[in-house]
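Per-entry structural report
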Amino acid sequence: MKTDVQKLTAADGPEQYARAAALLRAGEVVAMPTETVYGLAANAYDGAAVKKIFEAKGRPQDNPLIVHIASFDELAPLTAGVPAAAERLAARFWPGPLTMVLPKSDKIPDVVTAGLSTVAVRCPSHPVANRLIREAGVPLAAPSANLSGKPSPTRAEHVIRDMNGRVPLILDGGPCEEGVESTVLLLASDVPRVLRPGNVTVDQLRGVLGRVDVDDAVLHPLANGAEAASPGMKYKHYSPDAEIIIVRGDYRDFVAYVNAAACDGTWAMVFEGEGEGLAVPYMIWGNDDYRSMSRRLFDDLRSLDEKGARRCFVRCPETDNSDNLAVLNRLLRAAAFRVVDV
Ligand code: AMP
Ligand code: MG
């Protein structure tokens, strides 16, 4: 399949959106920018179209997709009922990087939810995603636009690398503002539960809802035989080819450890202002605040492979700061939970 790449902005007219919208209505898959990461979109009401997403990504069939809508009004038809909590959350966080999991309506094909009785829905704030949903006139099921297992794409070039020849159209809307996937919040339980952390933080959710639990799978590997509340949590994720090792401790100890362990192909990922004393090449991945780290994390992980890195030691974000939950969750999975204390 030939893949076209089209630059698209919020300022473009309907004619610039027409091709992508027509492909979506015709049951094809289109890669689109969102504020979190790039997504691989198809008409959520069309089971055959959604199947093509799984094929393009090589995604396991039991890992459900998030449905993207353009406004809160579009939520009700996808669900079996909208609780007051969802309304309060939407008023505060939509459009934005919060996904709500609610009991599904019969209109959603099983392939979207991997047979679950719930559906995950989000309203993206990215103006191109929002316009595309409106122009297509249907809700869009969209997982991240990477090959399954690879770091999520935060730039069009990442999508092109993974999806060239697999989808007819990739929309280039520039780099993603957030850089990590949305917060996934289960509302179909007695106490709302975060299944996947994102940049809508647990404290922000508690500010609206009061009690909010955090699923065990967020910071720990699933116990053997345990069932994942969010099927995505059980898969190896976000992994570059290079081996990632998180090193927890202060900067001086980090440098001593890395320099002693360094061999051919060793890299480091450090915070802004660091790098001094390191005997290996390094990348900067933020200021040790969660927004700057999340914006660069996946881009840096992908760059490691381009640079031929074989192993990378990464400075550990503060583990007792709950705002860091999303970056810690992604980094732990990229590192297959390898953490060294120095
Ligand atoms: P991605 O589309 O790659 O951002 O991944 C979507 C995430 O949302 C995965 O971790 C899924 O397991 C999770 N998810 C989607 N639908 C549901 C659902 N109905 N119940 C629980 N988790 C879900
Ligand atoms: Mg994904």
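Note: the structure precedes this text.
Bear in mind the structure is a predicted one, so any value in this text is a computation, not a measurement.

Some details on the pairing of strand β9 (residues 183–186)
- Of the two faces of β9, the one holding Thr 183 and Leu 185 and the one holding Val 184 and Leu 186 are both buried throughout.
- Here 4 bridges tie strand β5 (residues 98–103) to β9, and the two strands are oriented parallel to one another. Paired with Leu 98 across the two strands is Thr 183, which belongs to β9.
- Following β9, the chain reverses through 6 residues before pairing antiparallel with strand β10 (residues 193–196).

Here we look at the packing of aromatic side chains
- The final tally for this structure, using the stated rule, is 4 aromatic pairs.
- The interplanar angle of 90 degrees and the centroid separation of 5.7 Å between the aromatic rings of Tyr 257 and Phe 313 together place this pair among those described as edge-to-face. Of this pair, Tyr 257 sits in helix α8 (residues 251–261) while Phe 313 sits in strand β15 (residues 311–315), and the two are 56 residues apart along the sequence.
- Overall, the relative accessible area of 30% leaves Tyr 257 in the partly exposed class.
- The class for Phe 313 is buried, based on a relative accessible area of 1%.
- Residues Phe 271 and Trp 285 carry aromatic rings whose centres are separated by 5.7 Å and whose planes lie at 25 degrees to one another, so their mutual orientation is stacked. Of this pair, Phe 271 sits in the loop between β13 (266–270) and β14 (282–284) while Trp 285 is found in the loop between β14 and α9 (290–306), placing the two residues 14 residues apart along the sequence. Grouping residues by exposure puts Phe 271 and Trp 285 together as buried.
- If you follow Arg 315 out to its NZ or CZ, it ends over the ring of Phe 254, 5.7 Å from the centre.

What about the sheet that holds strand β12 (residues 243–248)?
- The strand order across the open sheet formed by 5 strands is β14-β13-β15-β12-β16, and the pairing between neighbours is parallel. The sheet terminates laterally at β14 and β16 (339–341), the two strands that pair on one side only. Looking at each pair of strands side by side, their axes are set apart by 25 degrees on average, direction ignored.
- Sheet topology places β13 next to β15; 4 bridges connect them, and they run parallel. Looking at the pairing, Trp 267 lines up with Cys 312 of β15.
- In this fold α8 packs onto β12, β13, β15 and β16, with an angle of close to 170 degrees to the strand it touches most, β15.

With respect to the environment of Arg 330
- By secondary structure assignment, the location of Arg 330 is in helix α10 (residues 325–334).
- C-alpha separation for the pair Arg 330 and Val 180, spaced 150 residues apart in sequence, amounts to 8.2 Å.
- Sequence-distant contacts of Arg 330, defined by excluding residues within four places in its chain, comprise Val 180, Glu 181, Ser 182, Arg 196, Pro 197, Gly 198, Tyr 238, Leu 297 and Phe 298.
- Separated by 3.0 Å, the side chains of Arg 330 and Asn 329 make a polar contact.

Things to note about the pattern of salt bridges
- Enumeration according to the criterion identifies 19 salt bridges in this entry.
- The partner of Arg 122 in a salt bridge is Glu 35, and the shortest N-O contact between them spans 2.7 Å. Taken together, the residues span a long stretch of sequence, with Arg 122 in strand β6 (residues 118–122) and Glu 35 in the loop between β2 (30–32) and β3 (39–43) at a distance of 87 residues. Side by side, Arg 122 and Glu 35 carry an identical accessibility label, which is buried.
- When the shortest N-O distance is used, the salt bridge between Arg 295 and Glu 177 registers 3.7 Å.

Calculation rules
- Residues numbered from 1 in each chain as written.
- Chains lettered and ligands numbered in written order.
- Predicted model: local features only at pLDDT ≥ 70, side-chain atom pairs only at ≥ 80, totals over all residues.
- Heavy atoms only, no water.
- Buried < 20%, exposed > 50% of the residue type's maximum accessible area, 1.4 Å probe, protein only.
- Helix = DSSP H or I, 4+ residues; strand = E, 2+ residues; numbered from the N terminus.
- Pairing = 2+ DSSP bridges.
- Phe/Tyr/Trp six-rings, centres within 6.5 Å; stacked < 30°, edge-to-face > 60°.
- Lys NZ or Arg CZ within 6 Å of the ring centre and 35° of its normal.
- Axes fitted to C-alpha atoms, helices over the stretch in contact; angles between N-to-C directions.
- Contact = heavy atoms within 4.5 Å.
- Polar contact = N/O pair within 3.5 Å; in protein donor to acceptor, adjacent residues only side chain to side chain.
- Salt bridge = Lys/Arg side-chain N within 4 Å of Asp/Glu carboxyl O.

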